[in-house]
Amino acid sequence: MPRIRSVTKAAADFDRRTILAATGAVTLSAGIGYALRPGDSAAATSSSGPATAVQAVSRKAPAAPLAPYTRGTTLASVATASGSGFRRLGDGPAWQRVVRSDLASPRSGREARRTALAAFVQFTDLHLVDVQHPLRYEYLRSQTASAWRPQEALSVAGAVALVERVNALRGAPVTASPLHFVMTTGDNTDNNARSELDWFLTAMSGGRITPNTGDPRHYEGVQNSGLPLYWHPDAALRDTDKRDHHFPRIDGFLAAAIAELRSPGLNLPWYSTVGNHDALPGGCYAPGDGFFAEFAAGGRKLMDLPSSAAKAIWDNVKNGGDPRGKAFKELLRSQARHMRSVTPDESRAPFTPAQYLAAHLDPAHTGPGPVGHGYTQANLAATTQYYAFRVSDDVLGISLDTTDPGGHYEGSIGATQLAWLKAQLKSAAAAGDHVVVFSHHTSKTMRNLREDPHHPGEQRHGGKELASLLAAHRPVLAWVNGHSHKNDITPHPGQGAGRGYWEISTASHVDFPQLARIIEVADNRDGTLSLFTTLIESSAPHRTDFTDLTQTGLAALYRELSFNAPGSRATLSGTPGDRNTELVLRKG
């Protein structure tokens, strides 16, 4: 039975239920944050006029933990490998906290004086993957490790385990403050597919998920293709991962990977930021092409490609030479006779920005709130994906859309969004607020200034300009982002009236070390502020058992497979100063 009404219209039409639900979403009550009310966000419209004040609403907070703690965080233990060949993970030494004084000098005695202003959790680059999706380019694995990862079939189990970890936290590790919310900073999905969007929203808000598309009875993808380029966990095939990297045989793996899971959903309000893999097919091609929509939902899949052709297509993508996917389209057409048959499935069709917004506004995905998870009816009406929201009485959050609809995996923002951001910062300064900015891309990965085809003539602005803008505004404390899949914390000295801020980039949850980050804001009451960053792993145990194919066992395998994945980079953990930190700032 079709899961959407028309493949041809998949990239342009809404699902009727989703639209009707979104239209009425703002009238519904939802779960509340500790200092938030659902819908208390200033959504971006097409106007760049004066910023709308975002009011805090006092709510009774749950009892705070008795004392600061380390349990369940990387301050207690970190997954560490031992042995040779396919290396097994176990409990390893903790990552200690590092005090960084790049922007201000810490003062003695601040521990006894400080007051918590806010505390929240950042998820980033979850990359929930429909591993059977026809538009995936696994055959580029010979050129880039990110084209296919042996752990990807377990991405949903891994994400649910991360939700379970956050639900078990007692509060903020340093200040003992209640946690206010979770923010995802993009690449929530991998292929811009409706199937993946539904899995992401259900993982975050709670419910049952069957991470399978196509044939409901069995897996149809590269891992049972007979091609030695890919790890075949259930087969005796001597594939390259078994031969060269000692990957194990795990009977029943693929059946377990597509079996139903249950997510408890977060017990905190959560907010959403969009990434390039959420907005663009393949994470790099301009959306709206009917060919890609048809191919995504169709019954043919390319699984193998000569290395020379793979190199040519990947080199073109890396250099930004094919933002609209013309060469990619030509490749798929030229390889038609080499494709394999798979079961068509319209749920794999790409979603548009409007459908992304409507899905967030759907009451079925409200979970603990707020309705829309930052996005509002104003966003849906204007088809914008940036907004401001109240974090606490003293702190404002701003979520940006740094994806470029013109194509390519790097980002930028348009002139309208930049003007809106300036107005928000000006309003925050007048109100005496602190500001935390969220985006997907980092300052170093916003170099794509291609024109937005929906706004011809509008100038695009890159990371260097945005970094300077934030540095010139006193309210800005931090710019929190992802995209690079690496822990990296960068000080940005103040410019003009600005005091400077910290750019906090966090590792993904698809590549090892598979982390999320708790961030606390505290007033030291001595003329300085401190941002505390504490990394967390999922709730899955560090040690794995190849015979344990339960939901928990799969989440543990997800981490261990990612560590052993060919091409994985040990540098993604960052240096000690990029992990668990205290980041000191001048207060004013």
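Our subject is the structure that appears above.
Everything numeric here is computed off the predicted structure, so don't read it as measured data.

S.K.: How would you sum up the overall build of the protein? Please name residues and give values.
M.R.: Within the protein, the regular secondary structure consists of 15 helices and 22 strands. Per-residue burial over the protein gives 62% buried out of 588 residues. When contacts within the protein are restricted to residue pairs at least 6 apart in sequence, long-range pairs at least 24 apart make up 77% of them. Total accessible area on the protein is roughly 21,100 Å²; 51% of this is exposed by carbon and sulfur atoms.

S.K.: Break down the side chain of Arg-136 for me, with residues and values.
M.R.: Within the fold, Arg-136 resides in the loop between β5 (115–123) and α3 (155–168). Within the structure, the side chain of Arg-136 is placed 3.0 Å from the side chain of Glu-152, a separation counted as a polar contact. When near neighbours in sequence (up to four residues on either side) are disregarded, Arg-136 contacts Val-129, Asp-130, Val-131, Ala-147, Trp-148, Glu-152, Asp-190, Asn-191, Lys-301 and Leu-302.

S.K.: Got a sec to walk through the packing of helix α8 (residues 290–297) against helix α10 (residues 326–334)? Specific residues and values, please.
M.R.: For the pair α8 and α10, interaxial distance at closest approach is 11 Å and the crossing angle is 45 degrees. By the angle between their directions, the pair α8 and α10 is classed as oblique. Helix-helix and strand crossings are classified by hand; for α8 and α10 the assignment is left-handed. Residue-level contacts link Phe-291, Phe-292 and Phe-295 of α8 to Phe-328, Lys-329, Leu-332 and Arg-333 of α10.

S.K.: Report on the nonpolar core, specifying residues and quantitative values.
M.R.: Phe-123, Tyr-139 and Phe-328 are the most contacted members of the largest nonpolar core, which totals 113 residues. No other element matches α3, which puts 7 residues into this core. Setting aside residues up to four positions removed in sequence, Phe-328 forms contacts with Leu-135, Tyr-137, Tyr-139, Tyr-285, Phe-292, Ile-313 and Asp-322. Counting residues in each nonpolar core, the second largest holds 23 residues, with Leu-400, Leu-421, Leu-466 and Leu-469 among its members.

S.K.: Give a description of the packing of aromatic side chains that names residues and reports values.
M.R.: The way to describe two aromatic rings as a pair is by their centre distance and the angle between their planes. Applying the stated criterion to the full structure yields 26 aromatic pairs. Relative to Phe-328, the ring of Tyr-137 lies with its centre 6.2 Å away and its plane at 85 degrees, an arrangement referred to as edge-to-face. With Tyr-137 in the loop between β5 and α3 and Phe-328 in helix α10, the pair connects residues that are 191 residues apart, well separated along the chain. With respect to class, Tyr-137 is no different from Phe-328; both count as buried. With 6.0 Å between their ring centres and 25 degrees between their planes, Phe-291 and Phe-295 make a pair best called stacked. Residue Phe-291 and its partner Phe-295 are both found in helix α8; the two are separated by 4 residues, about one turn of the helix. Ring pairs connect the aromatic residues Phe-120, Phe-181, Tyr-271, Phe-351, Tyr-356, Tyr-375, Tyr-387, Phe-389 and Phe-438, which therefore count as one cluster. Its guanidinium or amino end placed over the ring of Phe-546, Arg-88 lies 4.0 Å from that ring's centre, counting from NZ or CZ. When the ring centre of Trp-95 is taken as reference, the NZ or CZ atom of Arg-579 above it lies at 4.4 Å.

S.K.: Quick rundown of the sheet that holds strand β6 (residues 181–185)? Include the residues and the values.
M.R.: As summarised here, the arrangement of the 7 strands in space is β4-β22-β21-β20-β5-β6-β9, forming an open sheet in which the pairing is mixed. Strand pairing shows two members of the sheet lacking a second neighbour, β4 (98–100) and β9 (270–273), which therefore form its edges. Each strand of the sheet is rotated relative to its neighbour by a mean of 20 degrees, with strand direction disregarded. Note that β5 and β6 share 4 bridges and pair parallel. Across the sheet, the residue bridging to Phe-123 is Thr-184, located in β6. Packed on one face of the sheet, α3 meets β5, β6, β20 (516–523) and β21 (528–536) and runs near 165 degrees to β5. Set on the sheet, helix α4 (residues 194–205) makes contact with β5, β6 and β9; between it and β9 the angle comes to about 155 degrees.

Scoring rules and cut-offs
- Residues numbered from 1 in each chain as written.
- Predicted model: local features only at pLDDT ≥ 70, side-chain atom pairs only at ≥ 80, totals over all residues.
- Heavy atoms only, no water.
- Helix = DSSP H or I, 4+ residues; strand = E, 2+ residues; numbered from the N terminus.
- Buried < 20%, exposed > 50% of the residue type's maximum accessible area, 1.4 Å probe, protein only.
- Contact = heavy atoms within 4.5 Å.
- Areas by Shrake-Rupley, 256 points an atom, 1.4 Å probe, with all protein chains shown as cover.
- Polar contact = N/O pair within 3.5 Å; in protein donor to acceptor, adjacent residues only side chain to side chain.
- Axes fitted to C-alpha atoms, helices over the stretch in contact; angles between N-to-C directions.
- Parallel < 35°, antiparallel > 145°, perpendicular 65-115°, else oblique.
- Left-handed = near helix turned anticlockwise from the far one by under 90°.
- Core = buried A, V, L, I, M, F, W, Y, C linked by side-chain atoms within 4.5 Å.
- Phe/Tyr/Trp six-rings, centres within 6.5 Å; stacked < 30°, edge-to-face > 60°.
- Lys NZ or Arg CZ within 6 Å of the ring centre and 35° of its normal.
- Pairing = 2+ DSSP bridges.

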